[in-house]
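Tertiary structure, described
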Amino acid sequence: SDITPRAERKNIINYQRREKNKREDIDQMADYSSHFPLAEKACKFLTSSPDPYHAVQNMITRLEGVGYARLSKRDPFAGKLEPGGKYYYTVNTTTLIAFAVGPKYKPGNGFKIIGGHTDSPNLKVRPRSQRSAAGC
């Protein structure tokens, strides 16, 4: 054989490492199963929210289901916000702003804001696409 004993040992060690890594990958994949329920919920939301209007309406339904109250952005919020209260309002039916007032909040003490953003899910397929080739 043209392979030296040292090279053969190295090949065996590399093979054993690859097999160990494969087993670890399989073990890690088994751990992902705990994420399936969340992924299924996300898929359900995206399916029912093909555009920004539906996405906002679906989120309003969820927020109201857990006690959020609608505010009008045209009316001042002064006197309407209470400690422990949960509120939301919309802008042009495509943007949703939701917030909760801390239970220890006192007017004049200031507040902290945590924000998030996602591009609108605009998951439409053109009925008559002008594309004539596959790929990007």
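Note that this is a predicted model, so its numbers are computed, not measured.

1. As for the sheet that holds strand S2 (residues 86-91)
Strands pair in a sheet through their backbones, by hydrogen bonds, and they do so in one of two ways: parallel or antiparallel. Taken in spatial order, the 3 strands line up as S1-S2-S3 in an open sheet, and their pairing is mixed. Here the strands that pair on one side only, and so sit at the sheet edges, are strand S1 (69-70) and strand S3 (95-100). As paired strands, S2 and S3 are joined by 6 bridges and run antiparallel to one another. Note that in S3 the partner of Tyr 89 across the bridge is Ile 97. The strands touched by helix H3 (residues 52-65) within the sheet are S1, S2 and S3, with S3 carrying the most contacts at an inclination of about 20°.

2. Focus on the nonpolar core
Formed by Val 56, Ile 60, Leu 63, Tyr 68 and Tyr 88, the largest nonpolar core amounts to 5 residues. The biggest single contributor to this core is H3, with 3 residues. If we skip the residues at most four places from it in the chain, Tyr 68 touches Leu 63, Lys 86, Tyr 87, Tyr 88, Ala 98, Phe 99 and Ala 100.

3. Re the environment of Glu 82
Relative to the elements of secondary structure, Glu 82 occurs in the loop between S1 and S2. Glu 82 sits 22 residues away from Lys 104 along the chain, and the two C-alpha atoms are 9.9 Å apart. Beyond its immediate stretch of four places on either side in the chain, Glu 82 contacts Tyr 87 and Val 101.

4. Considering the pairing of S2
Relative to S2, S1 runs parallel, the two sharing 2 bridges. Within the sheet, the bridge partner assigned to Ala 69 lies in S2 and is Tyr 87. Where S2 hands over to S3, the hairpin turn is made up of 3 residues, of which Asn 92 adopts a positive phi near 55°.

Analysis parameters
- Residues numbered from 1 in each chain as written.
- Predicted model: local features only at pLDDT ≥ 70, side-chain atom pairs only at ≥ 80, totals over all residues.
- Heavy atoms only, no water.
- Pairing = 2+ DSSP bridges.
- Helix = DSSP H or I, 4+ residues; strand = E, 2+ residues; numbered from the N terminus.
- Contact = heavy atoms within 4.5 Å.
- Axes fitted to C-alpha atoms, helices over the stretch in contact; angles between N-to-C directions.
- Core = buried A, V, L, I, M, F, W, Y, C linked by side-chain atoms within 4.5 Å.
- Buried < 20%, exposed > 50% of the residue type's maximum accessible area, 1.4 Å probe, protein only.

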